[in-house]
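Working through the structure, step by step
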4 protein chains.
Amino acid sequence: MFIRLGYDIEFEVPAPVAIVSMLSVHPSRASDLRAPDEIGIEPTVEVTSYLDGFGNRCNRFVAPPGTLRLRSATLIEDPGTPDPVAPNAREHPVGELPNEALIYLLNSRYCEVDRLSNVATELFGAGAPGWGRVQAICNWVNTKVTFGYQHARPTRTALDVFTDRVGVCRDYQHLAITFCRALNIPARYCTGYLGDIGVPLTLPMDFSAWFEVYLDDRWWVFDARNNMPRIGRVLIATGRDASDVAITTSFGAAILTRFAVLAEETTAPLTAAPGKSAPA
Amino acid sequence: MFIRLGYDIEFEVPAPVAIVSMLSVHPSRASDLRAPDEIGIEPTVEVTSYLDGFGNRCNRFVAPPGTLRLRSATLIEDPGTPDPVAPNAREHPVGELPNEALIYLLNSRYCEVDRLSNVATELFGAGAPGWGRVQAICNWVNTKVTFGYQHARPTRTALDVFTDRVGVCRDYQHLAITFCRALNIPARYCTGYLGDIGVPLTLPMDFSAWFEVYLDDRWWVFDARNNMPRIGRVLIATGRDASDVAITTSFGAAILTRFAVLAEETTAPLTAAPGKSAPA
Amino acid sequence: MFIRLGYDIEFEVPAPVAIVSMLSVHPSRASDLRAPDEIGIEPTVEVTSYLDGFGNRCNRFVAPPGTLRLRSATLIEDPGTPDPVAPNAREHPVGELPNEALIYLLNSRYCEVDRLSNVATELFGAGAPGWGRVQAICNWVNTKVTFGYQHARPTRTALDVFTDRVGVCRDYQHLAITFCRALNIPARYCTGYLGDIGVPLTLPMDFSAWFEVYLDDRWWVFDARNNMPRIGRVLIATGRDASDVAITTSFGAAILTRFAVLAEETTAPLTAAPGKSAPA
Amino acid sequence: MFIRLGYDIEFEVPAPVAIVSMLSVHPSRASDLRAPDEIGIEPTVEVTSYLDGFGNRCNRFVAPPGTLRLRSATLIEDPGTPDPVAPNAREHPVGELPNEALIYLLNSRYCEVDRLSNVATELFGAGAPGWGRVQAICNWVNTKVTFGYQHARPTRTALDVFTDRVGVCRDYQHLAITFCRALNIPARYCTGYLGDIGVPLTLPMDFSAWFEVYLDDRWWVFDARNNMPRIGRVLIATGRDASDVAITTSFGAAILTRFAVLAEETTAPLTAAPGKSAPA
């Protein structure tokens, strides 16, 4: 399966501002790209590309005053299979976890493991360890939280989601991640493309959030918002929570004026030229 | 100058528990060590040593039920000079910062940059950029916050410090770090040894917290709690905030029953044998 | 001047639910009414009317399942003069305040006086006591907070307004009230009608919030949202904060499906019959 | 049974400060007093006594700079019976509650009913309504929260107690009250004397907190901290939460330097003279 990917984002920039973007396909998927994946920036600015401490591809640049447009279009090959399900995947005792996984057990900005630790134990502590327990967490979060874009709020933490029971996709994942960590299951936040392949289209396309947990010697995708195996996730970045993987971080004012994202199946591997066929 | 360093910490462990410790002198100071710096653990357990994503030396092990004792004693050579002061050190525009410094501008568990951004701008935004502004932040925090061990609370965030105006040393640094980041000055949390060299002894020895900011192409020490140049800081770990650099993190119950830390000047480079001359 | 007042509110009620409404004109304005001010409820239910501990007129009833409609239309005579301004009104030392005013110095659900006390002192403590200081508080809040219905959130407290700087009219008043109380100026929350008399109409009509402070032996109206003297406020209820004076409080599910409020100047004292001429 | 009651409290007052005290026995118990219950204040100041909106006896005065001493000793007759237990007491539907009870269903400073409503329903919503459900709430809170004076913190809310699981007696009651209100059971905070009559003495005497719920046409005592029927409670004040019934509220600086409370059984109704036999 081939998936066309792209975005077209505009800001009004009142004064020169440094911006870091995480809009490139994750290095772990780079070999699947069938077209260049380069950020197109108007006006032309000098861009530095680097990997952050989590292994994500970042671009940084200083935007001049005026309209800033970020866009790209590329093509990726995808197995076209749904997220794997492994009901027998087992939890590792902390002592067995790889060193790199340990940081994903700790507190982070939106995931107050300390404050939700007792709740997590009460709700899920008695469950059988392993895949089923993570799935139980996703089921709980998915059932209890009501989705709504009107509920989007940049400062909402997992504790807020737990009490207020409303949110957008990132809020679902933050609460599920926090519960997992409280049970000593490493969990990390993911952002990327997720089109409507195989499911009815319900909402305007956006970047999506999901999370990964470490079970049975590898990381597995879970998604407390959609809570079903999906086809065609294309990872952009992983981190401790949404703080680490913002699509764009501007260190000063930049007013979003346009936002369009594309991720759709395409039959033929036609080359998409970045900066030419912008998504609608 | 030579400084004797050591610690002697005991826990009661009810059930086997995985523990990560950050009790080793930071790799950046390893060449100053004049004696081995190895963690002594009783009972004997298998220990794995690794560097975390921030470059800190970590040890991990699984403690069996019963009494767990962690101790060490070592010796380090130190220039014996106070923290450098560079009133002319300039701030970098974000666009000039090194890639690795950018993460220290973001939100973290105890440092809600988003929520204190307006306050920081109102209090310090009009100040001349550079060293003086960071010093102004330290002066403000040092003056406004009242110290007290009775105010220690593991869940207190920078916002809590700002509103409640009480705390222990980590709280001072969290608030100052948050203000710096809100002004686009990279700031990272530090933990380490800080004896009473050159100052009157006022409190029982403990590990200490301070922070570093990135100005003029390097990291500089600031300390909103003591707020004066000090002699003899020995860095153990740096991270985004206290979440990243806990002295010990236990993934399950471990009750602290003894805690002693030593950092004192000594005249001769006598070798200290770890596990033999425990600090009083 | 005569003002036509009215509302037309509908809920879908899934199961019988007790409701308390504060939709009657405040007893202090009852003598100005030129038509009956009775709540019209469909379907017909038994209604109990009482004064709460703050002196507000409340109605309570149990709504059956189905559509619930609350409406009324009445007429009030109003002096047609703007909110009084008394730049020389002085603050009372707490020792001089009437007993009844003291409760309006305390913490309440949305007004964390304790947590914002230091901030209030830093921002306004040096100002000359009296009217001017309250006005300075309103100016500050009005300037710093950005209005937006998309920012409405029932759990937002004064501290949240202070950090996040967004909100709807109740949020402005909560922050201003909290600052006043922190300075020992009694402040209470008000809800009522406020039409667009004498000002350009900008938003769909809604009930409005303002607040009152006790200066110079009486209560005075302030409004940190509009921050200008207005004509035609008709008080419904006062309390410690929005918790005490919700237009409707339902003790169980009741989904709001229609909400219209009317408050407009009319030239002649035509009698408005409740339940007949519902507001558009 | 007769109970000797008293207190001896000292403050250092740096500048004249208005103080409101709630240190008198509640009007509902006035007829049981067997000696005068008057606050003794040194130095002599003019005192105004009044009932607040909750029916509590308050004293207010302005303390001059210097040492302020508040003390009293009195005697009360008490039935000597434990708190009544009525397992069959039923809950009222909200529609049946008396008007005055409705305010005790709402949010207040320390009781965020809105934020804990879902949790309360999940934990206790399926329980049989009535006495047993309130008792289940007390059992839960009593079991889950760990007591410790080192955990005292004036800004801790019910939500903080729920997440952090530590506190002093007021914290226990705040959480239990919030759960009750979320289930539409009116609950109000109480403060008063509670000696160690019939139980082993464990802690230095202090004023105590408990709460009352409205079941079966009256208010009943519950106590999530002690969680057992006790003998000899002497009510001082009730309110929505601890904000309303602080023993003393000072509107400016007043540093507590001495605090002693007495409530002990005595065999004979010897008259205690206020201001003469201060409690030890």
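It should be emphasised that the depicted structure is a prediction, and the values quoted were computed from it without experimental measurement.

Thresholds applied
- Residues numbered from 1 in each chain as written.
- Chains lettered and ligands numbered in written order.
- Predicted model: local features only at pLDDT ≥ 70, side-chain atom pairs only at ≥ 80, totals over all residues.
- Heavy atoms only, no water.
- Buried < 20%, exposed > 50% of the residue type's maximum accessible area, 1.4 Å probe, protein only.
- Helix = DSSP H or I, 4+ residues; strand = E, 2+ residues; numbered from the N terminus.
- Pairing = 2+ DSSP bridges.
- Contact = heavy atoms within 4.5 Å.
- Buried area = accessible area lost by both parts, 1.4 Å probe.
- Salt bridge = Lys/Arg side-chain N within 4 Å of Asp/Glu carboxyl O.
- Polar contact = N/O pair within 3.5 Å; in protein donor to acceptor, adjacent residues only side chain to side chain.
- pLDDT = per-residue confidence, 0-100.
- Expected span 1.5 Å × (residues − 1).
- Arc of directions from axis to C-beta.
- Least-squares fit on C-alpha atoms with pLDDT ≥ 70 in both.
- Axes fitted to C-alpha atoms, helices over the stretch in contact; angles between N-to-C directions.
- Phe/Tyr/Trp six-rings, centres within 6.5 Å; stacked < 30°, edge-to-face > 60°.
- Lys NZ or Arg CZ within 6 Å of the ring centre and 35° of its normal.

Residues and elements named next belong to chain A. With four of five residues buried, strand S11 (residues 218-222) is to be regarded as a mostly interior element. Here five bridges tie strand S10 (residues 208-215) to S11, and the two strands are oriented antiparallel to one another. Paired with Tyr214 across the bridge in S11 is Trp219. Hairpin geometry of S10 and S11 is characterised by an intervening segment of two residues between the two adjacent antiparallel strands and by a positive phi of about 50 degrees at Asp216.

Counting from both sides, the interface comprises 32 residues of chain A and, opposite them, 32 residues of chain B. In total, about 2,400 Å² of surface goes out of reach between chain A and chain B, with carbon and sulfur atoms giving 56% of it. The interface formed by chain A and chain B contains four salt bridges. Note that Asp244 of chain A and Arg240 of chain B form a salt bridge whose closest N and O atoms lie 2.7 Å from each other. Where chain A touches chain B, the interface holds 14 residue pairs in polar contact (both at pLDDT 80 or more).

We now examine the confidence of the model for chain A. All names here are of chain A. On average, chain A scores 93 in pLDDT, and the residues at 70 or more come to 94%. Note on residues 272-280: pLDDT under 50 across the span, and 23 contacts to partners over four residues away in sequence or across chains. For this predicted complex, the interface confidence reaches an ipTM of 0.91, while the overall pTM sits at 0.93.

Attention now moves to helix H1 (residues 113-124) of chain A. For H1 of chain A, spanning twelve residues, the distance from its first C-alpha to its last is only 14 Å, which falls clearly below the expected 16 Å at 1.5 Å a residue. For H1 of chain A, every residue scored as buried is listed here: Val113, Arg115, Leu116, Val119, Ala120 and Phe124 of chain A. Each buried residue of H1 of chain A sits inside an arc of 135 degrees when the element is viewed along its axis, so together they form one side. Residues of H1 of chain A that are buried make contact with helix H2 (131-144), helix H3 (158-164) and helix H4 (169-182) of chain A together with helix H3 (158-164) of chain D.

Attention now moves to the pattern of salt bridges. Residue and element names in this part refer to chain A. Here the structure, examined in full by the defined rule, presents 88 salt bridges over all chains. A salt bridge links Glu96 to Arg90; the shortest N-O distance between them is 3.3 Å. For Arg90, a relative accessible area of 39% puts it in the partly exposed group. The network of salt bridges with shared partners includes Asp8, Glu10, Arg69 and Arg258.

Aligned on chain B, chain C shows an RMSD of 0.0 Å; the corresponding rotation is 180 degrees and the shift along the axis is 0.0 Å. The symmetry that links the two subunits is that of a two-fold axis. A shared interface surface links the copies, since 100% of the contact residues of chain C are contact residues in chain B too.

Attention now moves to the sheet that holds strand S10 (residues 208-215) of chain C. Residues and elements named next belong to chain C. The four strands are arranged S11-S10-S9-S12 in an open sheet whose pairing can be described as antiparallel. Among the strands making up the open sheet, the edge pair consists of strand S11 (218-222) and strand S12 (233-239). Within the sheet, the average angular offset between the axes of one strand and its neighbour, ignoring direction, is 40 degrees. Here six bridges tie strand S9 (residues 187-194) to S12, and the two strands are oriented antiparallel to one another. Within S12, the residue paired with Tyr189 across the bridge is Gly239. Sitting on the sheet, helix H4 (residues 169-182) is in contact with S9, S10 and S11, with an inclination near 15 degrees to S10.

Let us look at the sheet that holds strand S1 (residues 2-13) of chain D. Residue and element names in this part refer to chain D. If you walk across this open sheet you meet the four strands as S3-S6-S1-S14, and the pairing is antiparallel. With partners counted over all chains shown, the strands left at the sheet margins are strand S3 (40-42) and strand S14 (255-266), one partner each. Strand after strand, the sheet turns through a mean of 10 degrees between neighbouring axes, direction not considered. Where S1 lies against strand S6 (residues 66-77), twelve bridges are found, and the strand directions are antiparallel. If you follow Phe2 over to S6, its bridge partner there is Glu77.

This paragraph deals with H4 of chain C. All names here are of chain C. In this model, H4 (14 residues) spans 20 Å end to end at C-alpha, consistent with the 20 Å of a helix rising 1.5 Å per residue. With 13 of 14 residues buried, H4 lies mostly within the body of the structure. Trailing H4 by a residue or two, Asn184 shows a phi angle of about 70 degrees, which is positive.

Inspection of the entire model under this criterion finds 62 aromatic pairs over all chains. Both rings, one in Trp131 of chain A and one in Phe222 of chain A, keep their centres 4.5 Å apart while their planes meet at 45 degrees; by these two values the pair is tilted. Within this pair, whereas Trp131 of chain A is found in helix H2, its partner Phe222 of chain A is found in strand S11, the two being separated by 91 residues in sequence. Residue classification places Phe222 of chain A among the buried residues on the basis of a relative accessible area of 4%. The interplanar angle of 75 degrees and the centroid separation of 5.2 Å between the aromatic rings of Tyr214 of chain B and Trp219 of chain B together place this pair among those described as edge-to-face. With respect to burial, Tyr214 of chain B and Trp219 of chain B carry one shared label: buried. Three or more aromatic residues joined by ring pairs make a cluster, and in this case those are Phe124, Trp140, Phe162 and Phe179 of chain A together with Phe124, Trp140, Phe162 and Phe179 of chain D. A cation over an aromatic ring shows up here: Arg225 of chain A above the ring of Phe147 of chain A, its NZ or CZ 3.8 Å from the ring centre. One residue, Arg165 of chain D, lies across the ring of Phe162 of chain D, its end atom 5.0 Å from the ring centre.

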